[in-house]
Amino acid sequence: MTSILLAILIGAAFGAVLDRIGATNPNWIGGMLTLRRLHLMKTILLAIGTGSILMFGGQMLGLVDVGHMSVKAAYIGVFIGGLMLGAGWAASGYCPGTGVCAAASGRKDALFFIAGGLLGAAAYMATYPAWKASGMLENLAGGKVTLGSVPGASYDGLMAISGDLLGIALGAVFVLVAFVLPDNLVGERQAAEIPAE
């Protein structure tokens, strides 16, 4: 029961942060994807970079148990699904997390987004045997792999370098990019034309 309450508390806090930074507003998402308003992109890069540094640094110091980490198996269907998710995100201005948060904040268009996502998931479940038979769900490169090797992990690394050090380095690059990236890449006048709502 405690873990459920903790999950609800963390989820509510995460949703509040998403709403506060503008991730529940499709106009902000559109501005980010067209490179006219990069505030949200900078926030995302900073969050991913900080999380990566803390997670991999915690693993190196023994504060984070590698056994709690999971890696998604690589297969063609994952890449196709990622492209579909990206296209849907660009078309709607929502990803699954921001869509639910937007609905909770009162945006009615987000309800249609959620309904579309649920219908898509149902269609995938109904046609799963066909996808399985097509071979698109067969593992690539050994299935669950990472770029670098992580000591104590149940999956292999593609390279012999330390996965923890690589994770920290990539995290640092993301943080650096978040700080040096300008607010927009297409000019102040064009950026001002995007409604903030």
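Everything here concerns the structure above.
These notes cover the structure that comes with them. (Residues numbered from 1 in each chain as written. Predicted model: local features only at pLDDT ≥ 70, side-chain atom pairs only at ≥ 80, totals over all residues. Heavy atoms only, no water.)

Most often, soluble globular proteins have nonpolar side chains that are buried together. Counting 7 residues, the largest nonpolar core consists of Leu-18, Ile-21, Ala-23, Ile-29, Met-32, Leu-40 and Cys-101. Elements represented by at least two residues in this core include exactly α1 (2-21) and α2 (26-33). Discounting residues that sit within four places of it in the chain, Ala-23 has contacts with Leu-18, Ile-29, Leu-40 and Thr-98. (Core = buried A, V, L, I, M, F, W, Y, C linked by side-chain atoms within 4.5 Å. Buried < 20%, exposed > 50% of the residue type's maximum accessible area, 1.4 Å probe, protein only. Helix = DSSP H or I, 4+ residues; strand = E, 2+ residues; numbered from the N terminus. Contact = heavy atoms within 4.5 Å.)

Moving on, we get to unusual backbone geometry. For Leu-35, which is not glycine, the phi torsion reads 65 degrees and is therefore positive. Tracing the chain through its elements places Leu-35 in the loop between α2 and α3 (39-60). Take Leu-35: its relative accessible area is 34%, and that puts it in the partly exposed class.

Further remarks concern the pattern of salt bridges. Throughout the structure, instances matching the rule amount to 2 salt bridges. One salt bridge in this structure joins Asp-183 and Lys-42, with 3.3 Å as the shortest N-O distance. With a gap of 141 residues between them, Asp-183 in the loop between α7 (163-180) and α8 (188-192) and Lys-42 in helix α3 connect regions that are remote in the sequence. Looking at Asp-183, the relative accessible area reads 52%, which means it is exposed. Between Arg-107 and Asp-109 there is a salt bridge, with its nearest N and O atoms 3.3 Å apart. With a relative accessible area of 19%, Arg-107 lands in the buried category. Under the relative-accessibility criterion, Asp-109 is labelled partly exposed at 34%. (Salt bridge = Lys/Arg side-chain N within 4 Å of Asp/Glu carboxyl O.)

Here α7 is 18 residues long and its end C-alpha atoms lie 26 Å apart, about the 26 Å a rise of 1.5 Å per residue gives. Within α7, the full set of buried residues consists of Gly-163, Asp-164, Leu-166, Gly-167, Gly-171, Val-175 and Ala-178. Looking at the buried positions of α7, the neighbouring elements they touch are α3. Backbone nitrogen of Asp-164 and a side-chain oxygen of the N-cap are separated by 3.4 Å at the start of α7; the cap is Ser-162. (Expected span 1.5 Å × (residues − 1). Polar contact = N/O pair within 3.5 Å; in protein donor to acceptor, adjacent residues only side chain to side chain.)

Its volume calculated, the largest pocket comes out at about 790 Å³. Together, 25 residues line the largest pocket, and Gly-81, Met-84, Leu-85, Gly-120 and Ala-121 are the ones closest to its centre. Looking at the lining of the largest pocket, the elements with two or more residues in it are α4 (76-92), α5 (96-104) and α6 (108-134). Sort the elements by how many residues they give to the lining of the largest pocket and α6 lands first, with 9 residues. A per-class count over the lining of the largest pocket returns 18 nonpolar, 6 polar and 1 charged. (1 Å grid on protein atoms, 1.4 Å probe; cavity = no way out; pocket = protein on both sides within 12 Å on 5 of 7 lines; lining within 4 Å. Points joined across faces, edges and corners; volume = space filled by probe spheres on them. Nonpolar A, V, L, I, M, F, W, Y, C, P; charged D, E, K, R; others polar.)

Now for the packing of aromatic side chains. Scanning the model with the defined rule gives 2 aromatic pairs in all. Both rings, one in Tyr-94 and one in Phe-113, keep their centres 5.5 Å apart while their planes meet at 55 degrees; by these two values the pair is tilted. Of this pair, Tyr-94 sits in the loop between α4 and α5 while Phe-113 sits in helix α6; the two residues are 19 residues apart in sequence, bridging distant segments of the chain. Taking relative accessible area as the criterion, Tyr-94 reaches 1% and is therefore assigned buried. Directly above the aromatic system of Trp-28 lies the positively charged group of Arg-37, at a separation of 4.4 Å from the ring centroid. (Phe/Tyr/Trp six-rings, centres within 6.5 Å; stacked < 30°, edge-to-face > 60°. Lys NZ or Arg CZ within 6 Å of the ring centre and 35° of its normal.)

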